[in-house]
Amino acid sequence: RGFQLKVNNSDGSVIKAYTTGSYNSGGELISIDQTRNIAYVGGYTFGSVNGVSTIGDGDPAGANKYLIARNETNGSTLWTRMENWIRSNVVVQESEDAVYFVDKGNLEKISGSTGQQIWSKQIDNSNYVLSTAQEGGVLLARQSYNNDILIKHFDQNGSEQNSQTIKHTGDFSLESIIDQGKGILLVSGT
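Residues numbered from 1 in each chain as written. Predicted model: local features only at pLDDT ≥ 70, side-chain atom pairs only at ≥ 80, totals over all residues. Heavy atoms only, no water.

Trainee: How would you sum up the pattern of salt bridges? Please name residues and give values.
Mentor: Evaluation of the coordinates by the stated rule reveals 9 salt bridges. Put simply, K65 and E28 hold a salt bridge, and the shortest N to O gap is 2.5 Å. With K65 in strand β5 (residues 64-71) and E28 in strand β3 (residues 25-33), the pair connects residues that are 37 residues apart, well separated along the chain. On the basis of relative accessibility, which here comes to 45%, the residue E28 falls in the partly exposed class. The partner of R70 in a salt bridge is E72, with the nearest N and O atoms 2.7 Å apart. Here the two residues R70 and E72 agree in accessibility, since each one is buried. Connected through salt bridges with shared partners, the residues K6, R70 and E72 form a single ionic network. (Salt bridge = Lys/Arg side-chain N within 4 Å of Asp/Glu carboxyl O. Helix = DSSP H or I, 4+ residues; strand = E, 2+ residues; numbered from the N terminus. Buried < 20%, exposed > 50% of the residue type's maximum accessible area, 1.4 Å probe, protein only.)

Trainee: How would you explain the sheet that holds strand β14 (residues 160-166) if you had to name every residue and give the values?
Mentor: The 4 strands are arranged β11-β12-β13-β14 in an open sheet whose pairing can be described as antiparallel. Only two strands of the sheet have a single partner each, and these edge strands are β11 (129-132) and β14. Taken pair by pair, the neighbouring strands of this sheet meet at an average axis angle of 20°, ignoring direction. Relative to β14, strand β13 (residues 149-154) runs antiparallel, the two sharing 6 bridges. In the sheet register, I149 faces β14, and the bridge partner there is I166. (Pairing = 2+ DSSP bridges. Axes fitted to C-alpha atoms, helices over the stretch in contact; angles between N-to-C directions.)

Trainee: So, the environment of N162: which residues are in play, and what are the values?
Mentor: Turning to its location among the elements, N162 is positioned in strand β14. We classify N162 as partly exposed; its relative accessible area is 47%. The spatial distance from the C-alpha of N162 to the C-alpha of K152 is 5.9 Å, given a sequence separation of 10 residues. With residues up to four places along the chain from it excluded, the contact list for N162 reads I151, K152 and H153. (Contact = heavy atoms within 4.5 Å.)

What follows is the structure in structure tokens.
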């Protein structure tokens, strides 16, 4: 089963272990809403997770991605969603009670508390790195075809505000972006 461990940071002991409820799954994504004390856990599965069945054709073998919201105060599951194939990290925008991710060609914004879709915007079906934007919304970044990095800012309503291309030489694999505000971005990778 896919699993997540809650670990005591003082001695490394396991406080609690969680599983997805699917024997054929693996855990991958973790993001936290500290304001509401909610953990968002994602991974892949070939079967149902917490009773929620797979959807669509995540890949030819039938795999799907799941996303679980868990109350970290008492450990209860708030909601579980199944997606076709999440192609990004999961980003929490606490001020909006929102979670952003890319699901097989769609930038999705869902309610962090309920898991209900707020909006969906069609984009290229590619892998992305997401980051919260200081002004609200999300930064969406991917490698362009000539290996430059294209970064787009979508506001909380899903409107594209601006974009920027980072040109470089050699091969670059994007790992993360942090928006420091006033147009300053910290970009890391290999």
